[in-house]
Amino acid sequence: MTDNPIFAVAAKAQALRAQGADVITLAAGEPQAATSAVVVAAAVEAVRDPATHHYATAQGDPALRALVATAVAGDTGLAWSADDVQITLGAKHALFLATQALIEAGDEVLVAAPGWPGHAEVVAAAGGVAAPVASDEEFRVSAEALDRCRTLRTRAVILSSPGNPTGAVHPAPRLEQIADWAQQHGIWVISDDIYRAFDHTGTYRSILRVAPRLRGRAVVVGGVSKEHAMTGWRVGWLAAPPEIIASARLHVSRTITHVPTINQHAARAALCDTGTPAKAARDYRRRRASLVDALNGIDGIDCPLPDGGIFAFPDVSGLLRDRGWSSSADLATWLLVTAHLAVVPGEAFNAPGRIRLCFAVDDETLMTAIERLQAVLAPADYEPSAQQPKVAR
Ligand SMILES: Cc1ncc(COP(=O)(O)O)c(C=O)c1O
(Lines give C-alpha, C1' and ligand atoms only; values in the text may rest on other atoms or scores of the structure.)
Protein backbone atom coordinates (compact mmCIF):
# COMPACT_ATOMS: atom_id res chain seq x y z
CA MET A 1 0.00 0.00 0.00
CA THR A 2 1.45 3.42 -0.93
CA ASP A 3 1.04 6.49 1.27
CA ASN A 4 -0.95 9.51 0.12
CA PRO A 5 1.47 11.44 -2.20
CA ILE A 6 0.42 14.76 -0.64
CA PHE A 7 2.05 13.69 2.61
CA ALA A 8 5.29 12.98 0.70
CA VAL A 9 5.56 16.71 -0.20
CA ALA A 10 4.97 17.70 3.41
CA ALA A 11 7.70 15.28 4.51
CA LYS A 12 10.23 16.75 2.02
CA ALA A 13 9.38 20.29 3.19
CA GLN A 14 9.77 19.19 6.80
CA ALA A 15 13.19 17.67 6.06
CA LEU A 16 14.37 20.97 4.48
CA ARG A 17 13.06 22.92 7.47
CA ALA A 18 14.95 20.62 9.79
CA GLN A 19 18.11 21.71 7.91
CA GLY A 20 17.26 25.33 8.73
CA ALA A 21 15.61 26.40 5.44
CA ASP A 22 12.81 28.99 5.60
CA VAL A 23 10.26 26.84 3.80
CA ILE A 24 6.72 28.11 3.28
CA THR A 25 3.98 25.84 2.11
CA LEU A 26 0.94 26.10 -0.11
CA ALA A 27 0.91 22.31 -0.20
CA ALA A 28 -1.26 21.50 2.80
CA GLY A 29 -4.92 20.87 2.06
CA GLU A 30 -6.14 22.73 5.09
CA PRO A 31 -6.76 26.23 6.43
CA GLN A 32 -3.65 27.60 8.05
CA ALA A 33 -5.64 29.66 10.63
CA ALA A 34 -5.98 28.54 14.23
CA THR A 35 -9.34 27.14 15.33
CA SER A 36 -11.60 29.93 16.62
CA ALA A 37 -11.40 30.97 20.28
CA VAL A 38 -15.02 30.09 20.86
CA VAL A 39 -14.41 26.47 19.82
CA VAL A 40 -11.23 26.23 21.88
CA ALA A 41 -13.11 27.60 24.91
CA ALA A 42 -15.85 24.98 24.46
CA ALA A 43 -13.22 22.25 24.35
CA VAL A 44 -11.52 23.55 27.51
CA GLU A 45 -14.86 23.63 29.28
CA ALA A 46 -15.56 20.08 28.10
CA VAL A 47 -12.19 18.86 29.41
CA ARG A 48 -13.11 20.21 32.86
CA ASP A 49 -16.45 18.40 32.88
CA PRO A 50 -16.07 14.87 34.33
CA ALA A 51 -19.03 13.76 32.18
CA THR A 52 -16.68 13.81 29.17
CA HIS A 53 -14.13 11.55 30.84
CA HIS A 54 -15.91 8.24 30.26
CA TYR A 55 -17.30 6.05 27.49
CA ALA A 56 -20.12 7.47 25.42
CA THR A 57 -22.35 6.21 22.60
CA ALA A 58 -20.85 4.84 19.37
CA GLN A 59 -23.13 6.85 17.11
CA GLY A 60 -21.98 10.12 18.61
CA ASP A 61 -23.22 12.84 20.96
CA PRO A 62 -26.99 13.22 20.30
CA ALA A 63 -26.75 17.00 20.62
CA LEU A 64 -24.02 17.14 17.97
CA ARG A 65 -25.95 14.75 15.73
CA ALA A 66 -29.02 16.97 16.04
CA LEU A 67 -26.96 20.01 14.95
CA VAL A 68 -25.55 18.07 12.00
CA ALA A 69 -29.07 16.92 11.05
CA THR A 70 -30.21 20.56 11.02
CA ALA A 71 -27.24 21.59 8.86
CA VAL A 72 -27.81 18.74 6.39
CA ALA A 73 -31.52 19.59 6.29
CA GLY A 74 -30.56 23.19 5.43
CA ASP A 75 -28.41 21.99 2.51
CA THR A 76 -30.73 19.31 1.19
CA GLY A 77 -34.17 20.76 1.93
CA LEU A 78 -35.11 17.36 3.41
CA ALA A 79 -35.96 16.38 6.99
CA TRP A 80 -33.15 14.67 8.92
CA SER A 81 -33.00 13.62 12.57
CA ALA A 82 -30.12 12.80 14.90
CA ASP A 83 -30.81 9.10 14.16
CA ASP A 84 -29.81 9.65 10.53
CA VAL A 85 -26.30 10.83 11.48
CA GLN A 86 -23.10 9.01 12.49
CA ILE A 87 -20.25 11.05 13.98
CA THR A 88 -16.82 10.03 12.65
CA LEU A 89 -13.12 10.80 13.02
CA GLY A 90 -13.18 13.40 10.26
CA ALA A 91 -14.72 13.24 6.80
CA LYS A 92 -12.16 10.70 5.60
CA HIS A 93 -13.37 8.24 8.25
CA ALA A 94 -16.95 8.94 7.14
CA LEU A 95 -15.96 8.05 3.55
CA PHE A 96 -14.23 4.95 4.86
CA LEU A 97 -17.32 3.85 6.81
CA ALA A 98 -19.63 4.55 3.86
CA THR A 99 -17.51 2.43 1.51
CA GLN A 100 -17.15 -0.33 4.12
CA ALA A 101 -20.94 -0.42 4.35
CA LEU A 102 -21.57 -0.41 0.60
CA ILE A 103 -18.82 -2.40 -1.06
CA GLU A 104 -18.15 -6.10 -1.44
CA ALA A 105 -14.69 -7.23 -2.60
CA GLY A 106 -14.29 -6.43 -6.30
CA ASP A 107 -17.08 -3.86 -6.46
CA GLU A 108 -16.26 -0.73 -8.41
CA VAL A 109 -16.66 2.86 -7.30
CA LEU A 110 -16.40 5.76 -9.73
CA VAL A 111 -14.18 8.66 -8.66
CA ALA A 112 -13.41 11.90 -10.49
CA ALA A 113 -10.10 12.36 -12.28
CA PRO A 114 -8.48 14.71 -11.44
CA GLY A 115 -9.56 14.04 -7.88
CA TRP A 116 -8.51 13.74 -4.27
CA PRO A 117 -6.54 10.50 -3.73
CA GLY A 118 -8.36 9.81 -0.45
CA HIS A 119 -11.45 8.77 -2.40
CA ALA A 120 -9.62 5.96 -4.20
CA GLU A 121 -7.86 5.02 -0.97
CA VAL A 122 -11.06 4.35 1.00
CA VAL A 123 -12.43 2.31 -1.88
CA ALA A 124 -9.27 0.18 -1.94
CA ALA A 125 -9.40 -0.19 1.84
CA ALA A 126 -12.88 -1.69 1.47
CA GLY A 127 -11.61 -4.23 -1.08
CA GLY A 128 -13.17 -2.31 -3.95
CA VAL A 129 -11.74 -0.93 -7.16
CA ALA A 130 -11.75 2.83 -7.76
CA ALA A 131 -12.45 3.60 -11.42
CA PRO A 132 -11.29 7.10 -12.46
CA VAL A 133 -13.82 9.07 -14.50
CA ALA A 134 -12.36 11.81 -16.69
CA SER A 135 -13.91 15.18 -15.95
CA ASP A 136 -14.61 17.80 -18.61
CA GLU A 137 -12.66 21.02 -19.31
CA GLU A 138 -14.27 22.62 -16.28
CA PHE A 139 -13.35 19.62 -14.14
CA ARG A 140 -16.94 18.46 -13.81
CA VAL A 141 -18.04 14.87 -14.32
CA SER A 142 -21.03 14.17 -16.52
CA ALA A 143 -23.60 11.36 -16.61
CA GLU A 144 -22.17 10.37 -20.02
CA ALA A 145 -18.62 10.09 -18.69
CA LEU A 146 -19.85 8.12 -15.68
CA ASP A 147 -21.79 5.80 -17.92
CA ARG A 148 -18.75 5.10 -20.09
CA CYS A 149 -17.01 3.77 -16.96
CA ARG A 150 -20.00 1.83 -15.60
CA THR A 151 -19.78 -1.97 -15.45
CA LEU A 152 -21.92 -4.67 -13.83
CA ARG A 153 -19.76 -4.26 -10.70
CA THR A 154 -20.31 -0.49 -10.35
CA ARG A 155 -21.78 0.07 -6.90
CA ALA A 156 -21.31 3.78 -6.18
CA VAL A 157 -19.94 7.12 -7.31
CA ILE A 158 -18.11 9.56 -5.05
CA LEU A 159 -18.83 13.18 -5.96
CA SER A 160 -17.14 16.15 -4.36
CA SER A 161 -18.43 19.63 -5.15
CA PRO A 162 -16.64 21.97 -4.60
CA GLY A 163 -13.82 19.59 -5.38
CA ASN A 164 -10.22 19.08 -4.35
CA PRO A 165 -7.92 19.86 -6.16
CA THR A 166 -10.03 21.41 -8.92
CA GLY A 167 -12.43 23.69 -7.02
CA ALA A 168 -15.10 22.64 -9.54
CA VAL A 169 -18.68 23.12 -8.42
CA HIS A 170 -21.27 20.96 -10.19
CA PRO A 171 -24.24 23.14 -11.13
CA ALA A 172 -27.81 21.94 -10.51
CA PRO A 173 -28.55 20.72 -14.08
CA ARG A 174 -25.40 18.59 -14.06
CA LEU A 175 -26.33 17.10 -10.66
CA GLU A 176 -29.81 16.41 -11.98
CA GLN A 177 -28.39 14.37 -14.88
CA ILE A 178 -26.03 12.47 -12.57
CA ALA A 179 -28.93 11.74 -10.19
CA ASP A 180 -31.06 10.40 -13.08
CA TRP A 181 -28.20 8.19 -14.21
CA ALA A 182 -27.57 6.88 -10.66
CA GLN A 183 -31.23 6.16 -10.14
CA GLN A 184 -31.60 4.42 -13.48
CA HIS A 185 -28.72 2.05 -12.73
CA GLY A 186 -29.27 1.61 -8.98
CA ILE A 187 -25.94 3.22 -8.13
CA TRP A 188 -25.27 4.84 -4.75
CA VAL A 189 -24.09 8.45 -4.59
CA ILE A 190 -21.59 9.40 -1.89
CA SER A 191 -21.61 13.18 -1.78
CA ASP A 192 -18.45 14.53 -0.14
CA ASP A 193 -19.51 18.07 0.79
CA ILE A 194 -16.50 18.95 2.95
CA TYR A 195 -15.84 22.22 1.01
CA ARG A 196 -19.50 23.31 0.83
CA ALA A 197 -18.87 26.57 2.72
CA PHE A 198 -16.29 27.71 0.19
CA ASP A 199 -18.63 28.33 -2.70
CA HIS A 200 -17.12 31.39 -4.40
CA THR A 201 -19.75 31.67 -7.11
CA GLY A 202 -22.91 30.86 -5.14
CA THR A 203 -23.53 27.77 -7.29
CA TYR A 204 -23.10 24.98 -4.71
CA ARG A 205 -26.15 22.71 -4.42
CA SER A 206 -26.43 19.46 -2.53
CA ILE A 207 -27.31 16.69 -5.00
CA LEU A 208 -30.18 15.80 -2.64
CA ARG A 209 -31.66 19.29 -2.94
CA VAL A 210 -31.63 18.92 -6.71
CA ALA A 211 -32.82 15.30 -6.66
CA PRO A 212 -34.56 14.44 -3.36
CA ARG A 213 -35.61 11.14 -4.94
CA LEU A 214 -32.03 9.90 -4.34
CA ARG A 215 -32.48 10.04 -0.55
CA GLY A 216 -32.59 6.23 -0.16
CA ARG A 217 -29.36 5.78 -2.14
CA ALA A 218 -27.25 8.73 -1.05
CA VAL A 219 -24.70 9.32 1.68
CA VAL A 220 -23.84 12.90 2.63
CA VAL A 221 -20.35 13.36 4.07
CA GLY A 222 -19.23 16.47 5.93
CA GLY A 223 -17.18 17.75 8.83
CA VAL A 224 -15.70 20.68 10.66
CA SER A 225 -12.13 20.21 9.36
CA LYS A 226 -12.09 22.77 6.58
CA GLU A 227 -14.99 25.10 7.45
CA HIS A 228 -13.74 25.69 10.97
CA ALA A 229 -9.97 25.17 10.57
CA MET A 230 -10.25 22.02 12.69
CA THR A 231 -8.37 19.39 10.68
CA GLY A 232 -6.51 18.23 13.78
CA TRP A 233 -9.65 17.72 15.87
CA ARG A 234 -10.87 14.86 13.67
CA VAL A 235 -14.62 15.33 13.71
CA GLY A 236 -16.79 14.59 10.70
CA TRP A 237 -20.03 12.82 9.93
CA LEU A 238 -22.18 11.00 7.49
CA ALA A 239 -25.92 11.36 7.05
CA ALA A 240 -27.45 8.35 5.34
CA PRO A 241 -30.26 5.79 5.22
CA PRO A 242 -30.67 3.54 8.31
CA GLU A 243 -28.77 0.51 6.94
CA ILE A 244 -25.64 2.60 6.32
CA ILE A 245 -25.88 4.25 9.73
CA ALA A 246 -26.30 0.82 11.41
CA SER A 247 -23.20 -0.51 9.63
CA ALA A 248 -21.14 2.59 10.45
CA ARG A 249 -22.21 2.53 14.10
CA LEU A 250 -21.23 -1.13 14.44
CA HIS A 251 -17.86 -0.50 12.78
CA VAL A 252 -17.18 2.44 15.12
CA SER A 253 -18.28 0.44 18.15
CA ARG A 254 -15.96 -2.46 17.21
CA THR A 255 -12.96 -0.29 16.46
CA ILE A 256 -12.61 3.18 18.01
CA THR A 257 -15.68 2.87 20.38
CA HIS A 258 -16.61 6.49 19.65
CA VAL A 259 -15.14 9.81 18.57
CA PRO A 260 -13.54 11.53 21.60
CA THR A 261 -16.27 13.35 23.51
CA ILE A 262 -14.26 16.51 24.09
CA ASN A 263 -13.73 16.90 20.35
CA GLN A 264 -17.44 16.39 19.76
CA HIS A 265 -18.17 19.22 22.22
CA ALA A 266 -15.77 21.43 20.27
CA ALA A 267 -17.60 20.49 17.03
CA ARG A 268 -20.89 21.46 18.66
CA ALA A 269 -19.53 24.92 19.33
CA ALA A 270 -18.25 25.09 15.76
CA LEU A 271 -21.65 24.25 14.28
CA CYS A 272 -23.20 27.08 16.29
CA ASP A 273 -20.62 29.52 14.88
CA THR A 274 -21.61 30.51 11.36
CA GLY A 275 -19.46 33.66 11.41
CA THR A 276 -16.08 31.88 11.20
CA PRO A 277 -16.71 29.97 7.94
CA ALA A 278 -18.39 33.00 6.36
CA LYS A 279 -15.38 35.21 7.13
CA ALA A 280 -12.95 32.51 5.98
CA ALA A 281 -14.86 32.20 2.69
CA ARG A 282 -14.59 35.97 2.12
CA ASP A 283 -10.85 35.94 2.86
CA TYR A 284 -10.24 32.93 0.63
CA ARG A 285 -12.14 34.53 -2.24
CA ARG A 286 -9.83 37.56 -2.06
CA ARG A 287 -6.70 35.40 -1.82
CA ARG A 288 -7.91 33.18 -4.66
CA ALA A 289 -7.99 36.26 -6.93
CA SER A 290 -4.45 37.35 -5.92
CA LEU A 291 -2.95 33.91 -6.44
CA VAL A 292 -4.70 33.20 -9.75
CA ASP A 293 -3.75 36.67 -11.02
CA ALA A 294 -0.09 36.12 -10.10
CA LEU A 295 0.03 32.64 -11.62
CA ASN A 296 -1.46 33.87 -14.88
CA GLY A 297 1.26 36.52 -15.00
CA ILE A 298 3.89 33.80 -15.37
CA ASP A 299 4.70 32.59 -18.88
CA GLY A 300 3.73 28.96 -19.41
CA ILE A 301 1.14 28.90 -16.61
CA ASP A 302 -2.60 28.97 -17.27
CA CYS A 303 -4.72 29.08 -14.14
CA PRO A 304 -8.53 28.92 -14.20
CA LEU A 305 -10.36 30.78 -11.46
CA PRO A 306 -11.81 28.00 -9.27
CA ASP A 307 -15.53 28.24 -8.52
CA GLY A 308 -15.08 26.91 -5.01
CA GLY A 309 -12.75 25.29 -2.50
CA ILE A 310 -9.33 26.40 -1.31
CA PHE A 311 -6.99 25.52 -4.19
CA ALA A 312 -5.62 26.95 -7.40
CA PHE A 313 -4.93 24.18 -9.91
CA PRO A 314 -3.00 25.68 -12.82
CA ASP A 315 -1.91 24.01 -16.02
CA VAL A 316 1.90 24.30 -15.99
CA SER A 317 2.55 22.21 -19.09
CA GLY A 318 3.83 25.26 -21.03
CA LEU A 319 6.35 25.96 -18.31
CA LEU A 320 7.46 22.32 -18.20
CA ARG A 321 7.98 22.41 -21.97
CA ASP A 322 9.89 25.71 -21.90
CA ARG A 323 12.18 24.59 -19.11
CA GLY A 324 12.65 21.02 -20.29
CA TRP A 325 11.15 19.43 -17.18
CA SER A 326 9.50 16.07 -17.69
CA SER A 327 6.82 16.29 -14.98
CA SER A 328 5.06 18.53 -12.49
CA ALA A 329 6.93 16.61 -9.82
CA ASP A 330 10.19 18.04 -11.28
CA LEU A 331 8.74 21.55 -11.02
CA ALA A 332 7.50 20.97 -7.46
CA THR A 333 10.90 19.65 -6.37
CA TRP A 334 12.65 22.56 -8.08
CA LEU A 335 10.35 25.11 -6.37
CA LEU A 336 10.98 23.50 -3.02
CA VAL A 337 14.76 23.50 -3.43
CA THR A 338 15.14 26.86 -5.24
CA ALA A 339 12.36 28.99 -3.75
CA HIS A 340 11.71 27.03 -0.56
CA LEU A 341 8.08 26.89 -1.59
CA ALA A 342 6.07 23.67 -1.25
CA VAL A 343 3.28 22.88 -3.74
CA VAL A 344 1.75 19.52 -4.70
CA PRO A 345 2.47 18.07 -8.16
CA GLY A 346 -0.60 17.18 -10.23
CA GLU A 347 0.46 13.53 -10.44
CA ALA A 348 -0.92 13.18 -6.88
CA PHE A 349 -4.40 13.84 -8.31
CA ASN A 350 -4.17 11.98 -11.60
CA ALA A 351 -3.37 15.26 -13.37
CA PRO A 352 0.16 15.44 -14.76
CA GLY A 353 0.97 18.92 -16.10
CA ARG A 354 -0.70 20.70 -13.18
CA ILE A 355 0.23 21.71 -9.65
CA ARG A 356 -2.00 22.42 -6.64
CA LEU A 357 -1.52 25.49 -4.47
CA CYS A 358 -3.66 26.17 -1.38
CA PHE A 359 -4.82 29.76 -0.82
CA ALA A 360 -6.30 29.13 2.66
CA VAL A 361 -3.18 30.68 4.19
CA ASP A 362 -2.75 34.13 5.74
CA ASP A 363 -2.13 37.18 3.54
CA GLU A 364 1.53 37.43 4.48
CA THR A 365 2.28 33.79 3.64
CA LEU A 366 0.43 34.10 0.35
CA MET A 367 2.26 37.31 -0.62
CA THR A 368 5.64 35.75 0.24
CA ALA A 369 4.74 32.67 -1.81
CA ILE A 370 3.74 34.85 -4.76
CA GLU A 371 6.97 36.87 -4.51
CA ARG A 372 9.00 33.69 -4.49
CA LEU A 373 7.13 32.30 -7.51
CA GLN A 374 7.69 35.54 -9.41
CA ALA A 375 11.33 35.76 -8.40
CA VAL A 376 12.15 32.34 -9.83
CA LEU A 377 9.62 32.01 -12.66
CA ALA A 378 8.41 35.39 -13.91
CA PRO A 379 10.23 37.90 -16.10
CA ALA A 380 11.82 40.79 -14.16
CA ASP A 381 9.45 43.40 -15.65
CA TYR A 382 6.32 41.57 -14.43
CA GLU A 383 3.69 43.96 -13.02
CA PRO A 384 0.95 42.19 -11.07
CA SER A 385 -1.52 45.08 -11.33
CA ALA A 386 -1.34 45.03 -15.13
CA GLN A 387 -2.43 41.39 -15.26
CA GLN A 388 -6.04 40.34 -15.48
CA PRO A 389 -7.12 36.90 -14.27
CA LYS A 390 -7.87 34.71 -17.27
CA VAL A 391 -11.49 34.01 -18.02
CA ALA A 392 -13.15 32.05 -15.20
CA ARG A 393 -13.93 28.47 -16.18
C1 LIG B 1 -12.37 16.13 -0.81
C2 LIG B 1 -11.94 15.81 0.58
N3 LIG B 1 -12.72 15.02 1.34
C4 LIG B 1 -12.38 14.70 2.59
C5 LIG B 1 -11.20 15.17 3.15
C6 LIG B 1 -10.83 14.73 4.55
O7 LIG B 1 -11.34 15.60 5.52
P8 LIG B 1 -11.10 15.30 7.06
O9 LIG B 1 -9.85 16.02 7.46
O10 LIG B 1 -12.30 15.83 7.77
O11 LIG B 1 -10.96 13.83 7.22
C12 LIG B 1 -10.36 15.98 2.40
C13 LIG B 1 -9.09 16.47 2.96
O14 LIG B 1 -8.23 16.96 2.30
C15 LIG B 1 -10.75 16.33 1.10
O16 LIG B 1 -9.99 17.13 0.34
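Because the structure is predicted, anything quoted here is derived from the model rather than measured. (Residues numbered from 1 in each chain as written. Predicted model: local features only at pLDDT ≥ 70, side-chain atom pairs only at ≥ 80, totals over all residues. Heavy atoms only, no water.)

Turning next to the nonpolar core. Ranked by size, the top nonpolar core spans 83 residues in total, and within it Ile190, Val219 and Leu238 carry the most contacts. At 7 residues, the largest contribution of residues to this core is made by helix H11 (residues 275-296). Once you skip the residues sitting within four places of it in the chain, Val219 turns out to touch Ala98, Trp188, Val189, Ile190, Ser191, Leu238, Ala239, Ala240 and Ile244. (Core = buried A, V, L, I, M, F, W, Y, C linked by side-chain atoms within 4.5 Å. Buried < 20%, exposed > 50% of the residue type's maximum accessible area, 1.4 Å probe, protein only. Helix = DSSP H or I, 4+ residues; strand = E, 2+ residues; numbered from the N terminus. Contact = heavy atoms within 4.5 Å.)

The next thing to look at is the site of the ligand. In the vicinity of the ligand, the contacting residues are Gly90, Ala91, Lys92, Trp116, Ser160, Asn164, Asp192, Ile194, Tyr195, Ser225, Lys226 and Arg234. Here a nitrogen atom of the ligand and a side-chain polar atom of Asp192 are 2.6 Å apart. Considered on its own, the ligand offers 400 Å² of accessible surface; in the complex 92% of this is hidden by protein. The dominant element in the shell around the ligand, judged by the number of residues it contributes, is helix H4 (residues 90-102), at 3 residues. Taken together, the residues of the shell around the ligand sort by class into 4 nonpolar, 4 polar and 4 charged. (Near = heavy atom within 4 Å. Polar contact = N/O pair within 3.5 Å; in protein donor to acceptor, adjacent residues only side chain to side chain. Areas by Shrake-Rupley, 256 points an atom, 1.4 Å probe, with all protein chains shown as cover. Nonpolar A, V, L, I, M, F, W, Y, C, P; charged D, E, K, R; others polar.)

This brings us to the packing of H11 against helix H14 (residues 363-377). Running from N to C, H11 and H14 cross one another at 5 degrees; their axes reach a closest spacing of 10 Å. Considered as vectors, H11 and H14 are oriented roughly parallel to each other. In contact with Arg286, Arg287, Ser290, Leu291, Ala294 and Leu295 of H11, H14 contributes Asp363, Leu366, Met367, Ile370, Leu373 and Gln374. Within the contact of H11 with H14, the residues separate by chemical class into 7 nonpolar, 2 polar and 3 charged. (Axes fitted to C-alpha atoms, helices over the stretch in contact; angles between N-to-C directions. Parallel < 35°, antiparallel > 145°, perpendicular 65-115°, else oblique.)

Here the residue pair Ala113 and Pro114 is connected by a cis peptide bond, since its omega of 0 degrees sits within 30 degrees of zero. The linkage connecting Ser161 with the following residue, Pro162, adopts the cis geometry, with an omega of 0 degrees. Relative to the assigned elements, Pro162 resides in the loop between strand S5 (154-160) and helix H7 (172-185). Although it is not a glycine, Arg234 adopts a positive phi angle of roughly 60 degrees. With respect to the secondary-structure elements, Arg234 resides in the loop between strand S7 (218-223) and strand S8 (236-239). On the basis of relative accessible area, Arg234 is assigned to the partly exposed category, the value being 32%. The phi dihedral of Asn350 falls on the positive side, at around 70 degrees, and the residue is not glycine. Locating Asn350 in the fold gives a position in the loop between strand S11 (344-345) and strand S12 (355-358).

So, on to the domain arrangement of the chain. In terms of domains, the chain is made up of domain 1 (5-30 + 276-386) and domain 2 (57-273). The C-alpha-based centres of domain 1 and domain 2 are spaced at 28 Å. With 27 residues of domain 1 at the interface, the matching set in domain 2 holds 26 residues. Here domain 1 packs against domain 2, burying approximately 2100 Å² in sum over the two surfaces, 59% of which is carbon and sulfur. Sorting the residues of domain 1 by area buried against domain 2 places Pro277, Asp307 and Phe349 first, and these three jointly supply 26% of that buried surface. Connecting domain 1 to domain 2 are 1 salt bridge. As a salt-bridge pair, Arg140 and Asp307 come within 3.2 Å of each other at their nearest N and O atoms. Put simply, domain 1 and domain 2 have 12 residue pairs in polar contact (both at pLDDT 80 or more) between them. For the side of domain 1 that touches domain 2, the secondary-structure elements that each account for two or more residues are helix H1 (5-18) and H11. (Domains from an automatic or database assignment. Buried area = accessible area lost by both parts, 1.4 Å probe. Salt bridge = Lys/Arg side-chain N within 4 Å of Asp/Glu carboxyl O.)

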